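Observations on the three-dimensional arrangement
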Amino acid sequence: WTARDLAGIRILITAGPTREALDPVRFISNRSSGKMGYALAAAATAAGAEVTLVSGPVTLPVPAGVKHISVESAQDMYAATFQSIDNQDIFIGTAAVADYRPASVATQKMKKGQTDTDITLTLVRNPDILAAVAATQKVFTVGFAAETEHLLEHARQKLINKKINMIAANWVGVDRGFERDDNALTVLWSDGEIQLPYAPKATLAQQLIRVVIERYRQGNVE
Ligand code: PMT
């Protein structure tokens, strides 16, 4: 690939975790480091694409040339995505978006009760950003599926339920997928799949961008 191969293609990528606040100092989150999403942003930019990266809180440097929008919660990520989605060609949802958030956020730091009683948290559903973007039918949509069991069945189900064009399935756990510098993906679409074996996330990102662009271009050619 040369630096001009993806010239004129606009890609919006979500990356990292979201934080769902309980009070001003506490939140619910997950182990996503943003490495996969940032590697995709770097690979797409290097190939000439115009990349917008909507990112939850991570400690990574923003790849040069990428438009970066920093968010905290799933609701923030949803709003930032929809503020930038017009005129995008491809959406890639790498972020580990919290499916639920606390039903209420305390304005002051929550205090321990006087007695030893436990407390119960009520969680409410967050909007599904990827499914909402797919429902607009205006961009080519690529999701990720992070699974601890039945990887391919669950990934295919997400491809169908969220009505997206492609999905990259990965095993996750305390020592897989999240946080590490390497990963492996099985990419699925309606009538095909391809295996991208264990490799550094930077390498995997280049491979995934190629596969996505190939499918995207086929879809846009009569
Ligand atoms: O960030 P790293 O440490 O490098 O780790 C990479 C990764 C493991 C986070 C990444 O490879 C990955 O799998 N990302 C997706 C994580 C995830 O939340 O998967 P899911 O199967 O729960 O969600 C399915 C898809 O729906 C994802 O594309 C997700 O971004 C999207 N989604 C989910 C919920 C929601 N409310 N909105 C969404 O858009």
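The protein chain is annotated in an unreviewed UniProt entry as Coenzyme A biosynthesis bifunctional protein CoaBC of Thioflexithrix psekupsensis.

Okay, the overall build of the protein chain next. The helix and strand inventory of the protein chain stands at five helices and twelve strands. Relative to a compact globule of 222 residues, whose C-alpha radius of gyration would be 17 Å, the protein chain shows 18 Å and is just as compact. For the protein chain, buried positions account for 39% of its 222 residues. Long-range pairs, those at least 24 residues apart, make up 61% of the contacts in the protein chain between residues at least 6 apart in sequence.

Looking now at the pairing of strand β10 (residues 166–171). Buried residues dominate β10, accounting for five of its six residues. Pairing between strand β9 (residues 140–147) and β10: six bridges, direction parallel. Of the residues in β10, the one forming a bridge with G143 is I167. For the segment spanning β9, helix α4 (residues 151–161) and β10, crossover handedness is right-handed. Of the pairings in the sheet, the one linking β10 to strand β11 (residues 182–189) comprises four bridges and is antiparallel in character. Considered in β11, the bridge of A168 is made with V187.

All right, on to the pairing of strand β4 (residues 50–55) then. Of all six residues making up β4, five are buried, and the element is well covered by its neighbours. Sheet analysis places strand β1 (residues 10–15) next to β4, joined by six bridges and oriented parallel. Counterpart to A15 in the pairing with β4 is S55. Taken together, the four bridges between β4 and strand β5 (residues 67–70) define a ladder with parallel strand orientation. Bridge pairing in β5 links T52 to K67.

Attention now goes to the site of the ligand. Near the ligand you find 27 residues, and of these S33, K35, G93, I129 and L130 are the closest. Mapped by element, the contributors of at least two residues to the shell around the ligand are α1 (35–46), α3 (129–135) and β9. Across the shell around the ligand, the residue classes break down as twelve nonpolar, ten polar and five charged.

The pairing of strands in a sheet happens through backbone hydrogen bonds and is either parallel or antiparallel. One open sheet holds the eight strands; their spatial order is β5-β4-β1-β6-β9-β10-β11-β12, and the pairing between them is mixed. With one partner strand each, in any of the chains shown, β5 and β12 (192–200) form the two edges of the open sheet. Between one strand axis and the next, the sheet turns through 15° on average, direction left out of account. Sitting on the sheet, α1 is in contact with β1, β4, β6 (90–93) and β11, with an inclination near 165° to β1.

Across soluble globular proteins, nonpolar side chains have a tendency to be buried as a group. By size, the foremost hydrophobic cluster in this structure holds 59 residues, and its most contacted members are L40, A44, I90 and I167. At nine residues, the largest contribution of residues to this core is made by α1. If near-sequence neighbours (up to four positions away) are discounted, I90 is found in contact with I9, I11, V139, F140, V142, V212 and Y216.

Relative orientation of the contacting elements α1 and helix α5 (residues 201–219) amounts to 55°, with a least axis distance of 8 Å. The angle between α1 and α5 places the two elements in the oblique class. Considering only the axes of α1 and α5, their crossing is right-handed. In this structure, α1 contributes K35, M36, A39, L40, A42, A43 and A44 to the contact, and α5 contributes K201, A202, A205, Q206, L208 and I209. Tallied by class, the residues present in the contact of α1 with α5 amount to ten nonpolar, one polar and two charged.

What counts and what doesn't
- Residue indices follow the written sequence of each chain, beginning from 1 at its first position.
- Only residues with pLDDT of at least 70 are given local features in this predicted model, and only at 80 or more are side-chain atom pairs given and counted; all residues enter the totals for whole chains, interfaces and linings.
- Working definition: helices are DSSP H or I runs of at least four residues, strands are E runs of at least two. Numbering for both runs from the N terminus.
- For this measure, only C-alpha atoms enter the radius of gyration; the expected value for a globule follows 2.2 Å times N^0.38, where N is the number of residues.
- Backbone-placed C-beta atoms define the burial measure: a residue is buried with 20 or more other C-beta atoms within 10 Å of its own, exposed with 12 or fewer, and partly exposed in between.
- We call two residues in contact whenever the C-beta atoms placed from their backbones are within 7 Å.
- When DSSP finds two or more bridges between two strands, those strands count as paired.
- The path from the first strand over the helix to the second decides the hand: if it runs clockwise while the strands point away from the viewer, the crossover is right-handed.
- Here is the check we use: build the C-beta atom from the backbone, and if it is within 6 Å of the molecule or strand, call the residue near.
- Any residue that is not Ala, Val, Leu, Ile, Met, Phe, Trp, Tyr, Cys, Pro, Asp, Glu, Lys or Arg is counted as polar, Gly included; the first ten are nonpolar and the last four charged.
- Every axis in this analysis is a line fitted to C-alpha atoms, fitted for helices over the stretch in contact. Angles between the N-to-C directions lie between 0 and 180 degrees.
- We define the nonpolar core as any set of buried residues of the types Ala, Val, Leu, Ile, Met, Phe, Trp, Tyr and Cys, connected via C-beta atoms lying within 7 Å of each other.
- If an angle is under 35 degrees, it is roughly parallel; if it is over 145, roughly antiparallel; if it lies from 65 to 115, roughly perpendicular; otherwise it is oblique.
- Each helix crossing is assigned a hand: it is left-handed if the near helix lies turned anticlockwise from the far helix by less than a right angle, otherwise right-handed if that turn is clockwise.

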